[in-house]
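Survey of secondary and tertiary structure
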Amino acid sequence: MTEKIKYDGNRLFVEEIPAAELAAKYGTPLYVYSSEQIKDNFRRLRKAFGIVPGARILYALKANSNPELLGLISSLGAGADTVSAGEIFLALKAGFPPSSISLAGVGKTDRDIDFALARDIGVIIVESDEELGVISERAAALGRTARILLRINPDVDARTHPHISTGLKENKFGININEAGETVKRALRSKSIDLLGVHSHIGSQVTEHAPFEEAADSIREFVIRIQKEGANIRQIDLGGGIGVRYRNALKHSLLPAERKEEPLIDLNLLAKAIKDRLSFPGCEIAIEPGRYIVAESGVLLTKVLYRKESAGRTFIVVDAGMNDMMRHALYSAYHQIIPVELNDSAYSPADVVGPVCETTDAFALQRELPVLRRGDTLAIMTVGAYGYSISSNYNSRPKPAEILVEKDYARVVRDRETFEDLI
Ligand code: LLP
């Protein structure tokens, strides 16, 4: 539930600024973020996980790596979960301490590995036996010891969209939990490797407790097994994946209630489940949320270009396209779409589509919407995570600007791209 982006009467506000004013001033399509919402989300997580001894929250940069947002999140005391040398670079620039940064990824290049070793980041997460060999060699060549976590694949069904499930044995991620024995032995033997612990990430937008509990149970068993082989386990990282609610992000008497609202993870129960299963003496426990921290903080403002009736179907053509926000095109993801100025017109089903030359360029199909006309501004809700970060220039469309709001103050945190940027 978005608390900092809400209607005051019939007008949508981002914190204390009317969304319509932002659209008029900065143009559309426009990403707008609420800094207070990010702070609230982070504090809620920190409070819940406060009961877990040695708990650390690493923000997954892939969700949104806007440098100003990263600065804000690092100032709150988060660490950084990265997946490329580029993300390490951004994390360091934003002020995350090197020791708080982890590097994951199933296909790290030699350059990624060397960059991580040279910057002496906290840990490198190893995803295969062959990769362990490469990291060990490169660390030896640089005269360093690589601190690593082994990413195990626990074969747990995260019960989320198949495209964002990562912890099943048929997924490419991690080392199968039943086949990791040799890799552990090899890591313990290597002079240039310090095996700090174990990592797992089962998937994203997880809305049930059970998959996390199953993963934690598997990790616990695995840790006990490898401790017997001499591993000194000092860190366990349970990955990210805590889901958010996309449906009914905002409720209002003039908005239709959205069906099939997602269940929400109870953070206190999750923290307790993790504490009960994964507390080992002298061992820190990390989680790597991305979506939970930033998703609800963001809206994408877009203008209606045309209303088109065709063969009994209504299309609302807007000025944002799938290149600006891919989640519907990629996963048929549901985002609430609401007018920035509500009126009491009747609702009827329409498709909200973009200008890009692809049939999948849509934000919603057969969605109940009020009567919309050319020039009306809409807000696509809950786009702070995996919105701008997976945008592209497809169809040679310059990317939107990004605005950060703090109470009654808005500032540009990324300029709208120009045609020159397309060269
Ligand atoms: N850690 C690892 C190793 C990950 O692969 C991910 C996400 C996270 C942490 C953060 O997960 P989160 O807390 O944000 O769920 N583009 C998709 C989501 C892809 C997630 C990829 N990995 C979407 O828009 O739903």
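Residues numbered from 1 in each chain as written. Predicted model: local features only at pLDDT ≥ 70, side-chain atom pairs only at ≥ 80, totals over all residues. Heavy atoms only, no water.

1. Thoughts on the site of the ligand
Operational definition: Proximity criterion: a residue is near a molecule or strand once any of its heavy atoms comes within 4 Å of it. Counted as a polar contact is a pair of N or O atoms within 3.5 Å, where, for protein atoms, one must be capable of donating a hydrogen and the other of accepting one, and residues adjacent in sequence contribute only when both atoms are in side chains. Method for areas: the Shrake-Rupley scheme with a 1.4 Å probe, in which residue coverage is limited to the protein chains shown. Each residue is assigned to one class: nonpolar for Ala, Val, Leu, Ile, Met, Phe, Trp, Tyr, Cys and Pro, charged for Asp, Glu, Lys and Arg, and polar for all the others, Gly among them. In this document the domain limits rely on a domain assignment from an automatic tool or a database.
By nearness alone, 17 residues border the ligand, and Ser204, Glu288, Arg327, Tyr331 and Tyr386 come closest of all. Between the ligand and Tyr331, the relevant distance is 2.8 Å, taken from a nitrogen atom to a side-chain nitrogen or oxygen of the residue. Out of a free accessible area of 580 Å², the ligand has 91% covered by protein chains. Residues of the shell around the ligand, tallied by class, amount to five nonpolar, six polar and six charged. Both domains that meet at the shell around the ligand, namely domain 1 (35-293) and domain 2 (296-422), each give it at least three residues.

2. Some words on the packing of aromatic side chains
The geometry of an aromatic ring pair comes down to the distance between the two centres and the angle between the two planes. Worth spelling out the cut-off: The aromatic pairing rule takes the rings of Phe, Tyr and Trp, using the six-membered ring of Trp, and pairs them if the centres are within 6.5 Å, calling planes under 30 degrees apart stacked, those over 60 edge-to-face and the rest tilted. Remark: exposure states derive from per-residue accessible area (1.4 Å probe, protein chains only) relative to the maximum for the residue type, with buried under 20%, exposed over 50%, and partly exposed in between. Numbering of helices and strands starts at the N terminus; helices are DSSP runs of H or I of at least 4 residues and strands are runs of E of at least 2. Our definition puts a charge over a ring when NZ of Lys or CZ of Arg is within 6 Å of the ring centre and also within 35 degrees of the ring normal.
For the structure on display, the rule yields two aromatic pairs. Aromatic pair Tyr31 and Tyr33: ring centres 6.2 Å apart, planes at 15 degrees, arrangement stacked. Across this residue pair, the class does not change: Tyr31 and Tyr33 are buried. Taking the centre distance of 5.8 Å and the plane angle of 75 degrees together, the rings of Tyr31 and Tyr388 count as edge-to-face. Residue Tyr31 is located in strand 4 (residues 30-34), and its partner Tyr388 is located in the loop between strand 19 (377-381) and strand 20 (401-406); the two are separated by 357 residues in the primary sequence. Of the two residues, Tyr31 and Tyr388, neither departs from the other in class, the shared state being buried. Each residue in the set Tyr31, Tyr33 and Tyr388 is aromatic and connected to the rest through ring pairs, giving one cluster. Taking NZ or CZ as reference, Arg119 lies 3.9 Å from the ring centre of Phe115, over its face. Of note, Arg247 hangs over the ring of Tyr334, and the distance from its end group to the ring centre comes to 3.9 Å.

3. Some points on the domain arrangement of the protein chain
We apply this condition: Contacts are residue-level and defined by heavy atoms, with any inter-residue pair within 4.5 Å sufficient. Reported buried area values correspond to the accessible surface (1.4 Å probe) lost by two parts on association, with both partners' losses combined. Criterion for a salt bridge: a side-chain nitrogen of Lys or Arg within 4 Å of a carboxyl oxygen of Asp or Glu.
Each domain of the protein chain was delimited in the assignment, giving domain 1 (35-293) and domain 2 (296-422). Taken together, the contact pairs 31 residues of domain 1 with 30 residues of domain 2. Surface buried jointly by domain 1 and domain 2 totals about 2800 Å² across both partners, of which 55% is contributed by carbon and sulfur atoms. Counting every contact that joins domain 1 to domain 2 gives four salt bridges. Across the salt bridge formed by Glu406 and Lys39, the nearest N and O atoms sit 3.8 Å from each other. Seen at the junction of domain 1 and domain 2, the total is 13 residue pairs in polar contact (both at pLDDT 80 or more).

4. Description of the pattern of salt bridges
One pass over the structure, following the stated rule, counts 26 salt bridges. Between Arg411 and Glu68 there is a salt bridge; the shortest N-O distance is 3.1 Å. Pair noted here: Arg411 is in strand 21 (residues 409-414) and Glu68 is in helix 3 (residues 67-75), with a separation of 343 residues, a long-range link. The class for Arg411 is partly exposed, based on a relative accessible area of 28%. Taking relative accessible area as the criterion, Glu68 reaches 35% and is therefore assigned partly exposed.

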